[in-house]
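Architecture and fold: a report
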Amino acid sequence: MNILIVNAGSSSLKYQLLDMEKEKVIAKGNCEKIGLADPFISYKHSGKEEIFKGAKNHEEAIKKVLDILVDKKNGVIKSFDEINAIGHRVVMGGWIFKESTLIDDKVIEEIDKLSEMAPLHNPAHVLCMRACKKVMPSVPQVAVFDTSFHTTMPEKAYMYAIKYEDYEKYHIRRYGAHGTSHRYVVEELAKVLKKDVKDVNAITCHIGNGSSITAIKNGKSVDTSMGLTPLQGVVMGTRSGDIDPTVVQFLCSHKKQTVDEVLTYLNKECGLLGVSGVSSDHRETTKASDGGNKRAKLALDLLAYSVKKYIGSYLAVLNGTDAIVFTGGIGENSKEAREQILENMETLGIVLDKEKNNNFKRGQVELISAKNSKIKVYVIPTDEELMMARDTKEIVKKLKKSK
Ligand code: AMP
């Protein structure tokens, strides 16, 4: 079964075609700058990369991707019939979508209604689902939500202590994000621990440009660091993470900016970038810090300290844990970040094996805690597209059986 995975943003559309018998990527790429000047489409397959002219809108982008995939010279499939299903990433499923869902008109409408809470993403997902339906009407489509995994959080974890009537009326609460990644790594962790995922307790740290930490009890999310939006939580590449809301009022008044402008600032100009003044990129900030840049060092300290605090609070929430998992661009690749986050946590049962932390082969699952560490520490590379394709496959298989 071949599954096309689509991850649409407001001006981009990432795609991946997977052979789900072998769980192997056949081809992948990105339609960038959709609707902007100089749009282009990248296409990677069989170790090669090509660039094609881009698209004016999402419908054209999908059509172009399909044409590229079936192209006589460089295509990887002979016809559209070789695409058995499409899986779409959806950023915001709110309180409505508790699991991945077969897409029909009603589902598209509901996703559209949730746009207020993800204005850059949900409208793009909807455009893309409609475009796929138009181009391939008979191919089943599945929506996989970033928020679904966190719908198991108890009220005390997802509620903000605002007036209950406002929570009810406006659905203001914690939704979290990166759910597909947290779910993927905990399922992989269960395999390594040789346990049923239902018996696994873990703290999963997805640390990349955007980052979130999740407390997982019996395989289910019971708390997560991101909130109503992905601005809340730990310090990120350009996002401030947790902040006293009064800071917004202060900035509005001192910088003569609107709330929207300050929120854009907190999302795009803060975090590693804002504190270091160097870059939102962890590698660049680390380089600057190693070269003696004090603000770069401070930015890295803030990031590591914020992650450490979430790990500490989730250890309390879970009453201990089987494992801590690092994933995401920084979590998987930065030995410095992992070491800094976990230093001085021995009395809590966490001891890193520095040798293993420094010298493991990237791209594979690795245990990096010391033998005497009560809590195991793993690096597990995430694969959100594979998780999405697994969900899509399951749903389509059930659909076929019910016919
Ligand atoms: P992501 O958003 O998951 O793609 O992660 C992006 C972040 O991962 C950026 O801050 C990168 O600097 C960081 N990153 C990627 N590779 C490395 C590496 N080898 N060492 C340190 N950080 C890395």
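This one's a predicted model, so the numbers in the text were calculated from it and none came from an experiment.

**Some words on the overall build of the chain**
Each helix and strand counted, the chain has 15 helices and 14 strands in total. Computed over its C-alpha atoms, the radius of gyration of the chain comes to 22 Å, within 12% of the 22 Å expected for a compact globule of 403 residues. With respect to the principal axes defined by its C-alpha atoms, the chain has extents near 60 × 55 × 45 Å. In the chain, buried positions account for 51% of the 403 residues. Each charge sign in the chain was given a centre, from 60 positive and 53 negative side chains, and these centres are 2 Å apart.

**As for the nonpolar core**
Grouped together as the largest cluster of nonpolar side chains are 36 residues, with contacts concentrated most on Ile-203, Cys-205, Val-307, Ile-311, Ile-324 and Leu-342. Mapped onto this core, the elements with two or more residues apiece are strand S9 (202–207), strand S10 (211–217), helix H11 (294–318), strand S12 (323–327), helix H13 (335–342) and strand S14 (376–379). If one sorts the elements of this core by residue count, H11 sits on top with ten residues. In this structure, Phe-149, Ala-190, Ile-380 and Leu-386 belong to the second largest nonpolar core, which totals 28 residues.

**Side note on the sheet that holds strand S13 (residues 366–367)**
Read across the sheet, six strands follow the order S11-S10-S9-S12-S14-S13 without closing on themselves; strand pairing throughout is mixed. Two strands lie at the open edges of the sheet, namely strand S11 (220–224) and S13, each paired on one side alone. The sheet contact formed by S10 and S11 spans four bridges and is antiparallel. Considered in S11, the bridge of Thr-214 is made with Thr-224. Here H11 sits on the sheet in contact with S9, S10, S11 and S12, set at roughly 160 degrees to S9.

**Points about the sheet that holds strand S3 (residues 24–32)**
As summarised here, the arrangement of the eight strands in space is S5-S4-S3-S2-S1-S6-S8-S7, forming an open sheet in which the pairing is mixed. Of all strands in the sheet, those bounded by a partner on one side alone are strand S5 (48–53) and strand S7 (101–102). The pairing of strand S2 (residues 13–19) with S3 spans seven bridges and is antiparallel. Following the sheet pairing, Asp-19 is matched in S3 by Lys-24. In the packing of helix H15 (residues 384–402) onto the sheet, contacts are made with strand S1 (2–8), S2, strand S6 (85–90), S7 and strand S8 (141–145), and the angle to S1 comes to roughly 125 degrees.

**Details of helix H10 (residues 282–290)**
Along H10, the residues classified as buried are His-282, Thr-285, Thr-286, Ala-288 and Ser-289. Taken around the axis of H10, the buried residues stretch over an arc of 165 degrees, which confines them to a single face. Seen from the buried face of H10, the exposed residues on the opposite side, beyond 90 degrees, are Arg-283, Lys-287 and Asp-290. Immediately beyond the C-terminal end of H10, within one or two residues, lies Gly-292, with a positive phi of roughly 100 degrees.

**Digging into the layout of surface pockets**
Each pocket or cavity is described by its volume, and for the second largest pocket that value is around 660 Å³. Lining of the second largest pocket is provided by 22 residues; of these, Lys-98, Glu-99, Arg-183, Glu-187 and Asp-391 occupy positions nearest its centre. Breaking the lining of the second largest pocket down by element, the ones donating at least two residues are helix H6 (179–193) and H15. For the lining of the second largest pocket, the leading source of residues is H6, giving five residues. Of the residues belonging to the lining of the second largest pocket, the class tally is five nonpolar, eight polar and nine charged.

**Quick word on the site of the ligand**
Surveying the vicinity of the ligand reveals the residues Gly-208, Asn-209, Asp-281, His-282, Arg-283, Gly-328, Gly-329, Ile-330, Asn-333, Ser-334 and Arg-362. One of the side-chain nitrogen or oxygen atoms of Asp-281 is found 2.6 Å away from an oxygen atom of the ligand. Notes on the ligand: free accessible area 500 Å², of which the protein chains cover 72%. When residues of the shell around the ligand are assigned to their parent elements, the largest contribution, four residues, is made by helix H12 (residues 328–333).

**Quick notes on the packing of aromatic side chains**
In the structure shown here, the tally under the stated rule is six aromatic pairs. Their ring planes at 10 degrees and their centres at 4.3 Å tell us that Phe-97 and Phe-145 sit as a pair that is stacked. In this pair, Phe-97 is assigned in the loop between S6 and S7 and Phe-145 in strand S8, connecting sequence segments 48 residues apart. Given a relative accessible area of 7%, Phe-97 falls into the buried group. Geometrically, the ring pair formed by Tyr-164 and Tyr-167 is edge-to-face, given 5.3 Å between the ring centres and 65 degrees between the ring planes.

**Side note on the state of the cysteines**
Where two cysteines share a covalent bond between their sulfur atoms, that bond is called a disulfide. Under the counting rule described, the total for this entry stands at zero disulfides. Of all cysteine sulfurs, the one in Cys-270 lies closest to Cys-252, which takes part in no disulfide; the gap is 13 Å.

**As for the packing of H6 against H15**
Running from N to C, H6 and H15 cross one another at 85 degrees; their axes reach a closest spacing of 9 Å. By the angle class used here, H6 and H15 are roughly perpendicular. For the pair H6 and H15, the contacting residues are Thr-180, Ser-181, Arg-183, Tyr-184, Glu-187, Glu-188 and Lys-191 in the first and Glu-384, Leu-386, Met-387, Met-388, Arg-390 and Asp-391 in the second. Grouping the amino acids of the contact of H6 with H15 by side-chain chemistry returns four nonpolar, two polar and seven charged.

The rules behind the values
- Residues numbered from 1 in each chain as written.
- Predicted model: local features only at pLDDT ≥ 70, side-chain atom pairs only at ≥ 80, totals over all residues.
- Heavy atoms only, no water.
- Helix = DSSP H or I, 4+ residues; strand = E, 2+ residues; numbered from the N terminus.
- Rg over C-alpha atoms; globule rule 2.2 N^0.38 Å.
- Buried < 20%, exposed > 50% of the residue type's maximum accessible area, 1.4 Å probe, protein only.
- Lys, Arg positive; Asp, Glu negative; His and termini not counted.
- Charge placed at Lys NZ, Arg CZ, Asp CG, Glu CD.
- Core = buried A, V, L, I, M, F, W, Y, C linked by side-chain atoms within 4.5 Å.
- Pairing = 2+ DSSP bridges.
- Contact = heavy atoms within 4.5 Å.
- Axes fitted to C-alpha atoms, helices over the stretch in contact; angles between N-to-C directions.
- Arc of directions from axis to C-beta.
- 1 Å grid on protein atoms, 1.4 Å probe; cavity = no way out; pocket = protein on both sides within 12 Å on 5 of 7 lines; lining within 4 Å.
- Points joined across faces, edges and corners; volume = space filled by probe spheres on them.
- Nonpolar A, V, L, I, M, F, W, Y, C, P; charged D, E, K, R; others polar.
- Near = heavy atom within 4 Å.
- Polar contact = N/O pair within 3.5 Å; in protein donor to acceptor, adjacent residues only side chain to side chain.
- Areas by Shrake-Rupley, 256 points an atom, 1.4 Å probe, with all protein chains shown as cover.
- Phe/Tyr/Trp six-rings, centres within 6.5 Å; stacked < 30°, edge-to-face > 60°.
- Disulfide = S-S within 2.5 Å.
- Parallel < 35°, antiparallel > 145°, perpendicular 65-115°, else oblique.

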